[in-house]
Amino acid sequence: MSVTTLPPYADVIARYEPVIGLETHVELGTVSKMFCGCSTVFGAEPNTQVCPTCLGLPGSLPVVNARAIEYAIRIGLALNCSIASWCRFARKNYFYPDMPKDFQISQYDEPICTDGYLDIELAGKTYRIGIERAHLEEDTGKTLHVGGATGRIHGATHSLVDYNRAGIPLVEIVTKPIVGTGELAPEVAHAYVTELRDILRTLEVSDVRMEQGSMRCDVNTSLMPAGGAEWGTRTETKNVNSLRSVERAVRSEMIRQASVLDTGQRIIQETRHFHEETGVTTSGRSKEEATDYRYFPEPDLVPLAPDAAWVEEIRATLPELPAARRERLRSELGVSTQDMQAMANAGVVDLVAATVSAGAPVEAARNWWLGYLAQKANAAEIEPAGLSIPPAAVARVIALVADGSLSDGLARQAVDGVLSTGQDPDAVVAERGLKRVTDTDALSTAVAEAIAAQPDVAAKIRGGKVAAAGALVGAVMKATRGQADAQTVRELILTQLGVEG
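Notes on the structure follow.

As a further point, take the environment of Glu-195. Within the secondary structure, Glu-195 sits in helix α3 (residues 185-203). Separated by 106 residues in the primary sequence, Glu-195 and Leu-301 have C-alpha atoms spaced 34 Å apart. Setting aside residues no more than four positions away along its own chain, Glu-195 makes contact with Leu-118, Asp-119, Ile-120, Pro-322, Ala-323 and Arg-326. There is a polar contact of 3.1 Å between the side chain of Glu-195 and the side chain of Arg-326.

On to helix α7 (residues 337-346). Residue pairs three or four apart in sequence face the same way in an α-helix, which turns once every 3.6 residues. Met-340, Met-343 and Ala-344 are the residues of α7 that are buried. On an axial view of α7, the arc spanned by its buried residues comes to 100°, and they lie on one face. Buried positions along α7 lie against α6 (322-333), α8 (349-357) and α9 (362-370). Gly-347 sits one or two residues past α7 and shows a positive phi near 75°.

Spatial strand order, β4-β3-β14: 3 strands in an open sheet with antiparallel pairing. Each edge of the sheet is formed by a strand with only one pairing partner; in this case those strands are β4 (103-106) and β14 (296-297). Bridge analysis of strand β3 (residues 90-93) against β4 gives 4 bridges, and the strand direction is antiparallel. Note that in β4 the partner of Lys-92 across the bridge is Gln-104.

Looking now at the pairing of strand β12 (residues 270-275). Among the 6 residues that make up β12, 5 are buried, leaving the element largely enclosed by the rest of the structure. Both strand β11 (residues 235-240) and β12 contribute to a ladder of 3 bridges, which runs parallel. Each residue of the ladder has a partner; that of Glu-236, found in β12, is Thr-271. For the crossover from β11 across helix α4 (residues 243-262) to β12, the handedness is left-handed. Across 5 bridges, β12 lies against strand β13 (residues 280-286) in antiparallel orientation. The residue bridging Phe-274 from the neighbouring strand is Thr-281, located in β13.

Moving on, we get to the environment of Thr-480. For Thr-480, the position within the fold is in the loop between α16 (469-479) and α17 (486-496). In this structure Thr-480 comes out as buried when scored by relative accessible area, which is 16%. Counting along the chain gives 170 residues from Thr-480 to Trp-310, while the straight-line C-alpha distance between them is 67 Å.

As a packed pair, α8 and α9 sit with axes 9 Å apart at the nearest point and diverge in direction by 140°. In terms of orientation, α8 and α9 fall into the oblique class. Note that α8 runs across α9; the crossing there is right-handed. On the side of α8, the interface is formed by Leu-351, Val-352, Thr-355 and Val-356, while α9 contributes Val-362, Ala-365, Arg-366 and Trp-369. Within the contact of α8 with α9, the residues separate by chemical class into 6 nonpolar, 1 polar and 1 charged.

Moving on to the layout of surface pockets. Of the pockets and cavities examined, the second largest pocket occupies roughly 1,500 Å³. For the lining of the second largest pocket, the element with the highest residue contribution is α3, accounting for 9 residues. Its residues assigned to classes, the lining of the second largest pocket shows 19 nonpolar, 11 polar and 18 charged.

It is worth spelling out the sheet that holds strand β1 (residues 16-27) at this point. The strands that make up a sheet are held in pairs by hydrogen bonds between backbone atoms, and each pair lies either parallel or antiparallel. Across the sheet, 9 strands lie side by side as β2-β5-β6-β9-β1-β10-β11-β12-β13; this open sheet has mixed pairing. This sheet does not close on itself; its edge strands, each paired only once, are β2 (82-83) and β13. As defined by bridge partners, β1 adjoins strand β9 (residues 169-175) across 5 bridges and the pair is classed as antiparallel. Looking at β9, one finds that His-25 is bridged to Glu-172.

Moving on: the nonpolar core. Leu-22, Ile-75, Leu-79, Leu-136, Ile-173 and Tyr-192 are the most contacted members of the largest nonpolar core, which has 67 residues in total. No other element matches α3, which puts 10 residues into this core. Leave out the neighbours within four places in its chain, and Ile-173 touches Leu-22, Glu-23, Thr-24, Val-26, Ile-75, Leu-79, Ile-131, Arg-133, Ala-134, Tyr-192 and Leu-196. Leu-329, Met-340, Leu-410 and Leu-419 belong to the second largest nonpolar core, which has 36 residues in total.

Turning our eyes to something else, we now look at the environment of Pro-177. If you trace the backbone, Pro-177 turns up in the loop between β9 and α3. With a relative accessible area of 46%, Pro-177 lands in the partly exposed category. When the C-alpha atoms of Pro-177 and Gly-21 are compared, they prove to be 5.0 Å apart, with 156 residues separating the residues in sequence. Aside from chain neighbours lying at most four places away, what touches Pro-177 is Val-19, Ile-20 and Trp-231.

Scanning the model with the defined rule gives 32 salt bridges in all. Of the charged contacts, one joins Arg-315 and Glu-312 as a salt bridge, the two residues approaching to 3.1 Å between their closest N and O atoms. In this pair, Arg-315 and Glu-312 both sit in helix α5 (residues 308-316), 3 residues apart, roughly one turn of the helix. The class of Arg-315 is partly exposed, set by a relative accessible area of 40%.

Basis of the calculations
Residues numbered from 1 in each chain as written. Predicted model: local features only at pLDDT ≥ 70, side-chain atom pairs only at ≥ 80, totals over all residues. Heavy atoms only, no water. Helix = DSSP H or I, 4+ residues; strand = E, 2+ residues; numbered from the N terminus. Contact = heavy atoms within 4.5 Å. Polar contact = N/O pair within 3.5 Å; in protein donor to acceptor, adjacent residues only side chain to side chain. Buried < 20%, exposed > 50% of the residue type's maximum accessible area, 1.4 Å probe, protein only. Arc of directions from axis to C-beta. Pairing = 2+ DSSP bridges. Right-handed = clockwise from strand over helix to strand, strands pointing away. Axes fitted to C-alpha atoms, helices over the stretch in contact; angles between N-to-C directions. Parallel < 35°, antiparallel > 145°, perpendicular 65-115°, else oblique. Left-handed = near helix turned anticlockwise from the far one by under 90°. Nonpolar A, V, L, I, M, F, W, Y, C, P; charged D, E, K, R; others polar. 1 Å grid on protein atoms, 1.4 Å probe; cavity = no way out; pocket = protein on both sides within 12 Å on 5 of 7 lines; lining within 4 Å. Points joined across faces, edges and corners; volume = space filled by probe spheres on them. Core = buried A, V, L, I, M, F, W, Y, C linked by side-chain atoms within 4.5 Å. Salt bridge = Lys/Arg side-chain N within 4 Å of Asp/Glu carboxyl O.

It is worth stressing that arrangement in space is one thing and function is another; only the former is reported here.
Right under this line is the structure:
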């Protein structure tokens, strides 16, 4: 087998056991940066939110952002971590244009949060994901490579650097190696990052907008022979920026590594880049030799010593976390564990709950968000919560179906109208003339025309093949643009043909 021949995923799982690990970088939603007063607002003109401190100019001194410390503690507590009674920052020295001072202030061997865990539910099983550490640091600037076909440095004619992001407070959450997931390794990675994102959003410590880079994930993957005990060499896929891509990156790298191992070659420890358009990873830079970052304690900052009483005050203010909220809503809505899991996987738990609160029956609300609206979100490649239709509007569409004003098909047209215009459902229905026609006088003419247009079908119905009436019902529905009540149309067809239903 050549390295370019990729084995089926089922074959990979039959012969290898994956070990994965996830490093998630989360920009904190503070007003100012980690060590200075510069704004953190996203999207400003390049290099307009900088100062001597975040640019590392001589004579500038950092000052710790107290709100960032509080947010880091909130994250640690929500992830069942131990909060350090004493920790400190260090300088991570390296030369790269994204950090103008040639070092990054981070936490090295003394992080603020350690030894936690996060439980996730998947396929009826609970996976406990160990959290090695969650540490504070400052984010780097953003480099744009110009002139190449891939947006990467290779092939670019020149590069531009925006330092607005340099210095934004960042928490890096590092899992322990995740083993025992088997074929579900990609889905476990997806579920973990999804649950982590939901927790961070609930804590209100970050907007976790992966498309803007405020949450991004490095995915570590390795393979060992099935039944083996020695872990394989890992690769690190950098800056994966969507939930779907986390899953795809794990799966792609498992298949690629298996293809390499199957030829008797070895895996190179390196960083890799995930390509959204192809779903594959490509080589970045080798990490076979440990990089010497020459860490040493940051001389311009005193150690942190969070007071135990303050930590407990923060713990007391933690909101209801997503897992507890799902269990409460499961009980309140009266849905099964499987239904709640399906809604959680689709990211629609709160949307269903809000739709029910707006007056919709549970089953109808669940079906809409897991069905048609989920399809719309997938087609737009956004989360369901990003759809421009509020739960109250979905509840109104459900009510219009329930009272007979809309058929299921017309209801979907109404939803499409709300999504495209932002109008409320009643306005869309009125403007587009979507209300279902049930008046027999108005429908009788359309029925007579359908019978006249298809005399062979009419003859079959008169001959006792009542099921053939479906063709005439379809013709009337098409003629009335789906507004006719199908049952009323069927009854009129049989009546005009003198056939008993």
